[in-house]
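Geometric and topological summary
Residue strings, one per chain:
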Amino acid sequence: MCEFGKLGRLASVLLCSAAMLAGTGWGQQTPPYRLTLQDAIQQGLRANLNVLLAGSRVEQDEGSQTRSLSAALLPRVNAQVYANYQNRNLRAFGISVPGLPLPSVVGPFSNYDFRVYAQQNVVDLSSYRSLKAAGQALEAGKMDEQDARDLVVRAIAGLYLNAQSAQARAQAAQSRVTDSNALLKLAQDKHGAGTATGVDMLRAQVQLANDQQALLEAQNAYKHALLALARNLGLDPATPLGLAEPLRFQALAQEQADDLLPGALASRADYLSLDRQRQSLVEQQSANRARYYPKVSVNGNIGELGRSIGGVATTGLIQGQIDFTIFDRDREGEAQQLAGRLKSVDDQIADLRRGVDEDIHEALLNLESASEQVSVAADGQSLAQRELKMAQDRFTAGTANNVEVVTAQDELARAEENYILAVSAHVDAKYALARALGDTEKNILKFSGNP
């Protein structure tokens, strides 16, 4: 029994498979791990470079905010210890008394000082507003990270869907090969009994060869889809993978786009990031105006001072300070710059709002169209199966040759492909709607029927 503690499900299964492989020998094939959509999304988020870089940028923004807080509002305390041995030129400092024979150079003498210095801003509105701006910038960075995660989730779900579609085509191709084998056996039996011609048997052989060729192509396409999925999950291309969730149709209740837009704007990370950027710029404008406001601070020091270590005495200083800015041309330039940046963000917000609305409308239209296509394709598939059954019965009864059977097989293959395309389009439309609504991972799993 393999156990790996608190490792993720995918990592546990892969490590367990490796351990089983090492224990049983390289000659035995390891069964593929059946990958769920949720497993694929989690693994993709852990391995994707854009998500990792976005997380690193958030850490950098957190460090910048901490530095801003420390520099502007938190007290600064430092200690200093020094000892010196010096002499002084009194005449260089203008110290002389006419008529008195003062030496020009005094010393040498020693001096020792052990001191702690502290400084605290009491009122500094500009720094306070700058700190709030840094906080909003940090929130914008977190939203950018979430947006990067949403994009990765959407991409991984698309790759998983491609693999599901390829798997469905391979399964359909395998079913057609099975039917063609049965048709060939029937033609051989009837030819042996003298109730079918050699052309019937040859026609069945050609159909089987064509279906086998199509099966090989479908199986190769499925392997390529799994390879692309593994690459984007950060897995070794040699990792044996399979899909735990086959392609299937699940209807989704239709909603009005106008009803979905407010919730989407409250959940879309890219929209929220622009909103936080705007708030940060507003705080920066407040900080810019506060540059002309007075700043109040308190500073002081305390320590031991003396000419010898044994003769030091406690001395100190505490003082209040008010700073005024009288002329600062840079403030006007900064204000103009911030106004331009704020207008740019406002334009981006308005454009993205229209884009989100369009994304929702487009996804709903595609969802409705794909749902209707699935219904039509399902009817076509059912009719094609009935046609094939009737053609097989007629050939078995000897009332027709197998031309009708081969034709019906081709019609069924086309109907199956139409159904796969329709279901894939429907699932992709649900994924697009999940991305348009925000909180992409949660919505994709919800629309896929995952808890």
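Residues numbered from 1 in each chain as written. Predicted model: local features only at pLDDT ≥ 70, side-chain atom pairs only at ≥ 80, totals over all residues. Heavy atoms only, no water.

Looking only at helices and strands, the chain features ten helices and six strands. Taking 451 residues into account, the globule formula puts the C-alpha radius of gyration at 22 Å, and the chain, at 39 Å, lies well above it. Seen along its three principal axes, the alpha-carbon backbone of the chain occupies a region of about 150 × 60 × 35 Å. When burial is assessed residue by residue, the chain has 37% of its 451 residues classed as buried. In the chain, the proportion of contacts linking residues at least 24 apart, taken out of those at least 6 apart, comes to 80%. Taken as a whole, the chain presents about 25900 Å² of accessible surface, with 54% of it coming from carbon and sulfur. (Helix = DSSP H or I, 4+ residues; strand = E, 2+ residues; numbered from the N terminus. Rg over C-alpha atoms; globule rule 2.2 N^0.38 Å. Buried < 20%, exposed > 50% of the residue type's maximum accessible area, 1.4 Å probe, protein only. Contact = heavy atoms within 4.5 Å. Areas by Shrake-Rupley, 256 points an atom, 1.4 Å probe, with all protein chains shown as cover.)

The next point concerns the pattern of salt bridges. Taken as a whole and assessed by the stated rule, the structure comprises 24 salt bridges. The salt bridge involving R203 is made with D200; its shortest N-O contact spans 2.9 Å. A residue pair is termed a helical-turn pair when its members lie 3 or 4 positions apart in one helix, as R203 and D200 do in helix 5 (residues 198–232) at three residues. Residue R414 pairs with E411 through a salt bridge whose shortest N-O separation is 2.7 Å. Here R414 and its partner E411 are both found in helix 9 (residues 403–437), three residues apart, which amounts to about one turn of the helix. In the salt-bridge network here, residues are joined through shared partners; they are D147, R268, D270, D359 and R435. (Salt bridge = Lys/Arg side-chain N within 4 Å of Asp/Glu carboxyl O.)

Before going further, it helps to examine the pairing of strand 6 (residues 313–323). Of the strand pairs in this sheet, strand 5 (residues 295–306) and strand 6 are connected by eleven bridges, and their pairing is antiparallel. Counted as the bridge partner of S297 is Q321 from strand 6. In textbook terms, the turn of a hairpin is the stretch between consecutive antiparallel strands, and for strand 5 and strand 6 this stretch comprises six residues. (Pairing = 2+ DSSP bridges.)

Alignment of strand 2 (residues 76–89) against strand 3 (residues 105–123), held across 13 bridges, turns out to be antiparallel. Across the sheet, the residue bridging to A83 is Y112, located in strand 3. Inspection of the sheet shows strand 3 paired to strand 5 by eleven bridges, in the antiparallel sense. For R115, the partnering residue across the bridge sits in strand 5 and is G303.

To continue, consider the packing of aromatic side chains. In the structure shown here, the tally under the stated rule is zero aromatic pairs. The ring of F395 carries the charged tip of K190 above its face, separated from the ring centre by 5.5 Å. (Phe/Tyr/Trp six-rings, centres within 6.5 Å; stacked < 30°, edge-to-face > 60°. Lys NZ or Arg CZ within 6 Å of the ring centre and 35° of its normal.)

With that settled, consider a nonpolar patch on the surface. Where nonpolar side chains cluster on the molecular surface, the patch consists of V122, V123, L125, Y292, Y293, V298 and I318 and spans about 620 Å² of accessible area. With respect to the element layout, L125 can be found in helix 4 (residues 125–193). (Patch = residues over 30% accessible without salt bridge, like charges linked within 9 Å, V, L, I, M, F, W, Y side chains within 5 Å.)

Our next topic: helix 5. The end-to-end C-alpha distance of helix 5, which contains 35 residues, comes to 52 Å, matching closely the 51 Å that a straight helix rising 1.5 Å per residue would cover. Taken together, the buried positions of helix 5 are occupied by D200, A204, Q207, L208, D211, L215, A218, Y222, A225, L226, L229 and A230. The elements touched by buried residues of helix 5 are strand 1 (33–35), helix 4, strand 4 (241–243), helix 8 (329–397) and helix 9. One or two residues past the end of helix 5 sits G234, with phi positive at roughly 75°. (Expected span 1.5 Å × (residues − 1).)

Here we come to the sheet that holds strand 6. If you walk across this open sheet you meet the four strands as 2-3-5-6, and the pairing is antiparallel. The open sheet is flanked by strand 2 and strand 6, the only strands paired with a single partner. Strand-to-strand twist in this sheet, taken as the mean axis angle between neighbours without regard to direction, amounts to 20°. (Axes fitted to C-alpha atoms, helices over the stretch in contact; angles between N-to-C directions.)

For the rest of this paragraph, the subject is the side chain of D124. Within the secondary structure, D124 is located in the loop between strand 3 and helix 4. Buried charge without a partner: D124 forms no salt bridge, and the closest opposite charge is K295, 4.3 Å away. A polar contact is formed between the side chain of D124 and the side chain of S127, at a distance of 2.7 Å. (Lys, Arg positive; Asp, Glu negative; His and termini not counted. Polar contact = N/O pair within 3.5 Å; in protein donor to acceptor, adjacent residues only side chain to side chain.)

In this section: the side chain of Q43. By the secondary structure assignment, Q43 is in helix 2 (residues 37–47). Polar contacts involving the side chain of Q43 include one to the side chain of R46, which spans 2.8 Å.

Time to look at the confidence of the model for the chain. Scored by pLDDT, the chain has a mean of 86; 93% of the residues are at 70 or more. Element-level pLDDT for the chain is lowest in helix 1 (residues 9–24), with a mean of 40, against a maximum mean of 94 in helix 9. Note on residues 1–28: pLDDT under 50 across the span, and 21 contacts to partners over four residues away in sequence or across chains. (pLDDT = per-residue confidence, 0-100.)

Glancing now at the packing of helix 4 against helix 8. Close contact between helix 4 and helix 8 brings their axes to 11 Å; oriented N to C, the two are set at 15°. Regarding the angle of helix 4 to helix 8, the classification is roughly parallel. The handedness of the crossing between helix 4 and helix 8 is left-handed. Contact with helix 4, carried on its side by D179, L183, L186, A187 and K190, involves L388, F395 and T396 of helix 8 and no other residues of that element. The residue makeup of the contact of helix 4 with helix 8, split by class, is five nonpolar, one polar and two charged. (Parallel < 35°, antiparallel > 145°, perpendicular 65-115°, else oblique. Left-handed = near helix turned anticlockwise from the far one by under 90°. Nonpolar A, V, L, I, M, F, W, Y, C, P; charged D, E, K, R; others polar.)

For the rest of this paragraph, the subject is the nonpolar core. One finds L37, I41, I360, L433 and I444 to be the most contacted residues of the largest nonpolar core, which totals 60 residues. At twelve residues, the largest contribution of residues to this core is made by helix 8. For L433, the residues in contact, after removing those within four places along its chain, are L252, L260, A363, L364, L367 and F447. Membership of the second largest hydrophobic core comes to 19 residues, among which are L184, L215, V406 and A408. (Core = buried A, V, L, I, M, F, W, Y, C linked by side-chain atoms within 4.5 Å.)

Looking now at the environment of G194. Within the secondary structure, G194 sits in the loop between helix 4 and helix 5. Note: C-alpha distance between G194 and E416 (222 residues apart in sequence) is 34 Å.

Before going further, it helps to spend a moment on unusual backbone geometry. Peptide bonds are mostly trans, and most non-glycine residues show a negative phi. The backbone of D439 sits at a positive phi, close to 50°, despite the residue not being glycine. Mapping D439 onto the fold places it in the loop between helix 9 and helix 10 (440–447).

What follows is about helix 6 (residues 257–267). Spacing of three or four residues puts side chains on the same side of an α-helix, whose turn is 3.6 residues. Of the residues making up helix 6, those classed as buried are A257, L260, L261, A264 and L265. Each buried residue of helix 6 sits inside an arc of 135° when the element is viewed along its axis, so together they form one side. Facing away from the buried side of helix 6 by more than 90 degrees, the exposed set consists of D259, P262 and A266. Looking at the buried residues of helix 6, the elements they touch are helix 7 (269–289), helix 8 and helix 9. (Arc of directions from axis to C-beta.)

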